[in-house]
Amino acid sequence: MSEILNQVVFLDGKRDKGQNRADMWRWNESMEHLATLRDSHPNMFERMGLTARMSLGYYENDKQIAAQYGRDVSKGGK
């Protein structure tokens, strides 16, 4: 089903998912702290809940996409 939806073309043109994700990304202090925890105390990070770890993955993926689209991803960047 998602393959079909990915092929949809709107009247004003095909949507750029990367650009949409870059536009929606916002700096999140708690996610940044979680990333620091992952890097400084990996054992503690691994004991955290799956939801927190997955959320960090999505956050960092969107942050990377935002940087690729020219967004300032430094603290407080718009």
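Our subject in this report is the structure included herewith. Only a predicted model underlies this, so the values are computations on that prediction, with no experimental measurement involved. (Residues numbered from 1 in each chain as written. Predicted model: local features only at pLDDT ≥ 70, side-chain atom pairs only at ≥ 80, totals over all residues. Heavy atoms only, no water.)

1. Let's talk about the side chain of Arg71
Thinking step 1. On the secondary structure map, Arg71 appears in the segment after α5 (50-68).
Thinking step 2. Here Arg71 is buried and forms no salt bridge, its nearest opposite-charge partner Asp23 lying at an N-O distance of 5.3 Å.
Thinking step 3. Within the structure, Arg71 has its side chain in polar contact with the backbone oxygen of Ala22 (distance 2.2 Å). (Helix = DSSP H or I, 4+ residues; strand = E, 2+ residues; numbered from the N terminus. Buried < 20%, exposed > 50% of the residue type's maximum accessible area, 1.4 Å probe, protein only. Lys, Arg positive; Asp, Glu negative; His and termini not counted. Salt bridge = Lys/Arg side-chain N within 4 Å of Asp/Glu carboxyl O. Polar contact = N/O pair within 3.5 Å; in protein donor to acceptor, adjacent residues only side chain to side chain.)

2. A word on helix α3 (residues 29-40)
Thinking step 1. Taking 1.5 Å per residue, 12 residues should reach 16 Å; α3 reaches 16 Å between its end C-alpha atoms and fits that length.
Thinking step 2. For α3, the complete set of buried residues consists of Met31, Glu32, Leu34, Ala35 and Leu37.
Thinking step 3. For α3, the secondary structure elements touched by its buried residues are α4 (42-46) and α5. (Expected span 1.5 Å × (residues − 1). Contact = heavy atoms within 4.5 Å.)

3. Description of the packing of aromatic side chains
Thinking step 1. Throughout the structure, instances matching the rule amount to one aromatic pair.
Thinking step 2. Consider the rings of Trp25 and Tyr59, whose centres lie 5.8 Å apart with planes at 40°: the pair is tilted. Taken together, the residues Trp25 in the loop between α2 (17-24) and α3 and Tyr59 in helix α5 connect sequence positions 34 residues apart.
Thinking step 3. Residue classification places Trp25 among the buried residues on the basis of a relative accessible area of 4%. (Phe/Tyr/Trp six-rings, centres within 6.5 Å; stacked < 30°, edge-to-face > 60°.)

4. Brief notes about the pattern of salt bridges
Thinking step 1. Counted under the stated rule, the structure contains five salt bridges.
Thinking step 2. In this structure, Arg38 engages Asp39 in a salt bridge whose closest nitrogen and oxygen atoms are separated by 3.0 Å.
Thinking step 3. The class for Arg38 is partly exposed, based on a relative accessible area of 25%.
Thinking step 4. Ionic pairing is found between Arg53 and Glu46, a salt bridge with its closest N-O pair at 3.5 Å.
Thinking step 5. Here the salt bridges do not stand alone but share partners, grouping Arg38, Asp39 and Glu60 into one network.

5. A short note on the packing of α2 against α5
Thinking step 1. As a packed pair, α2 and α5 sit with axes 8 Å apart at the nearest point and diverge in direction by 105°. What the angle tells us is that α2 and α5 run roughly perpendicular. Across the interface between the two elements, Gly18, Arg21 and Ala22 from α2 touch Asn61, Asp62, Ile65 and Ala66 from α5. (Axes fitted to C-alpha atoms, helices over the stretch in contact; angles between N-to-C directions. Parallel < 35°, antiparallel > 145°, perpendicular 65-115°, else oblique.)

Note that all results are geometric; they support no functional claim without further evidence.
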